[in-house]
Amino acid sequence: IAGITQAPTSQILAAGRRMTLRCTQDMRHNAMYWYRQDLGLGLRLIHYSNTAGTTGKGEVPDGYSVSRANTDDFPLTLASAVPSQTSVYFCASSDSMARMGSYNEQFFGPGTRLTVL
Amino acid sequence: KNQVEQSPQSLIILEGKNCTLQCNYTVSPFSNLRWYKQDTGRGPVSLTIMTFSENTKSNGRYTATLDADTKQSSLHITASQLSDSASYICVVSASWGKLQFGAGTQVVVTP
């Protein structure tokens, strides 16, 4: 693995179903993030994690949960999917969130395209 | 209202021509500004990062400029290639770490 991987690549899901999007990075980055990207809008932060064992809410956290049991993995769970959660989801990581506002660069995964019917 | 506005929303240019994309922001206090390139079906990839003290930065045929006084940035693509077809996203970071993303400019380079 080199960088960030996400799975699945795409998914069609019935409303009300539970879904977990997977994200794994091999760069030993401390900070990880989940974004959603919708047409005509910029990427919006859903949840983030400063380091393993800690998580925080972003701009649009409702309906989503995350966990950070170790450095490499940062899964995003939709407990009961709704059509408004149809989007492209990107996982990202950076060396440190404490320096997120400085030169600290975020590296993005390839995305998961989710459709909720 | 988005604190990062990009223009145009989309543009079509002929291969070999130059183009300039614009980004205006209201994010304050400002820490840095980044331009990302996002190919269709892929995640964004960083092109340039500039702090308030830098007013220009180049990455190959991509040159970004920043005017922190007027809160404007531009991304200039020189001698465009078909591989430049992508969405270009302006991202502004506030001093406390929050990133604000623009909606992107979709560039299509035609032969």
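Note: the structure precedes this text.
Computed from a predicted structure; not experimentally measured. As a convention, each chain's residues are numbered from 1 in the sequence order in which they are written. A letter from A marks each chain and a number from 1 marks each ligand, given out in the order of writing. The predicted nature of this model means local features are confined to residues of pLDDT at least 70 and side-chain atom pairs, given and counted, to a pLDDT of 80 or more, with totals for whole chains, interfaces and linings taken over all residues. Side-chain calculation: all heavy atoms of the structure are included, whereas hydrogens and water are not.

Engineer: Looking at this model, I keep getting lost on the state of the cysteines. Mind explaining?
Structural biologist: By definition, a disulfide is the covalent link that joins the sulfur atoms of two cysteine residues. A pair of cysteine sulfur atoms is labelled a disulfide when the two atoms are within 2.5 Å. Per the counting criterion, the structure on display carries two disulfides over all chains. Here C23 of chain A pairs with C91 of chain A through a disulfide, and the sulfurs are 1.9 Å apart. One quick way to see it: the torsion about the S-S bond of C23 of chain A and C91 of chain A is about -70°, and its sign makes the bridge left-handed. Of this pair, C23 of chain A sits in strand 3 (residues 19-25) while C91 of chain A sits in strand 9 (residues 87-94), and the two are 68 residues apart along the sequence. The residues C23 of chain A and C91 of chain A share a single accessibility class, namely buried. Paired through a disulfide, C23 of chain B and C90 of chain B show a sulfur-sulfur distance of 2.0 Å. For the disulfide bridge between C23 of chain B and C90 of chain B, the dihedral angle about the S-S bond is near -70°, and by the sign convention the bridge is left-handed. On the criterion of sequence distance, the pair formed by C23 of chain B in strand 3 (residues 19-25) and C90 of chain B in strand 9 (residues 86-94) is long-range, its members being 67 residues apart. There is no split in this pair, since C23 of chain B and C90 of chain B are both buried. Think of it this way: any DSSP run of H or I at least four residues long counts as a helix, any run of E at least two long counts as a strand, and we number them from the N terminus. Burial here depends on accessible area, computed with a 1.4 Å probe over protein chains only, as a share of the maximum for the residue type. Under 20% is buried, over 50% is exposed, and the range in between is partly exposed.

Engineer: What exactly am I supposed to notice about the pattern of salt bridges here?
Structural biologist: Each salt bridge in this description consists of a side-chain nitrogen of Lys or Arg and a carboxyl oxygen of Asp or Glu lying within 4 Å of one another. Applying the stated criterion to the full structure yields six salt bridges over all chains. In this structure, E54 of chain B engages K57 of chain B in a salt bridge whose closest nitrogen and oxygen atoms are separated by 3.0 Å. Classification of K57 of chain B by relative accessible area gives partly exposed; the value is 22%. Connected through salt bridges with shared partners, the residues R36, D38 and R44 of chain A form a single ionic network.

Engineer: Sorry, what's going on with the pairing of strand 3 of chain A here?
Structural biologist: The two faces of the sheet receive side chains in turn, since in a regular strand these alternate between them. Residues and elements named next belong to chain A. Of the two faces of strand 3, the one lined by M19, L21, C23 and Q25 is fully buried and the one lined by T20, R22 and T24 carries no buried residue. When DSSP finds two or more bridges between a pair of strands, those strands are recorded as paired. Looking at chain direction, strand 1 (residues 4-7) and strand 3 are connected through four bridges and run antiparallel. Looking at strand 3, one finds that I4 is bridged to Q25. Judged from the three bridges that link them, strand 3 and strand 8 (residues 76-78) form a sheet pairing that is antiparallel.

Engineer: Can you help me understand the interface of chain B and chain A in this one?
Structural biologist: The extent of an interface is frequently quoted as the accessible surface area lost upon association of the parts. Across the boundary between the two partners, chain B contributes 24 residues, which contact 18 residues of chain A. The term buried area denotes the loss of accessible surface (1.4 Å probe radius) that occurs when two parts are joined, taken as the sum for both partners. For the pair chain B and chain A, the summed buried surface comes to about 1500 Å²; carbon and sulfur atoms form 53% of the total. The largest contributions to the chain B side of the interface with chain A come from P44, I49 and F101 of chain B, which together make up 29% of the buried area. Any pair of N or O atoms that falls within 3.5 Å is considered a polar contact. Within protein, one atom must be able to donate a hydrogen and the other to accept it, and sequence-neighbouring residues count only if both atoms are side-chain atoms. Taken together, the links from chain B to chain A amount to three residue pairs in polar contact (both at pLDDT 80 or more). Here, residues are in contact when the closest pair of their heavy atoms is within 4.5 Å.

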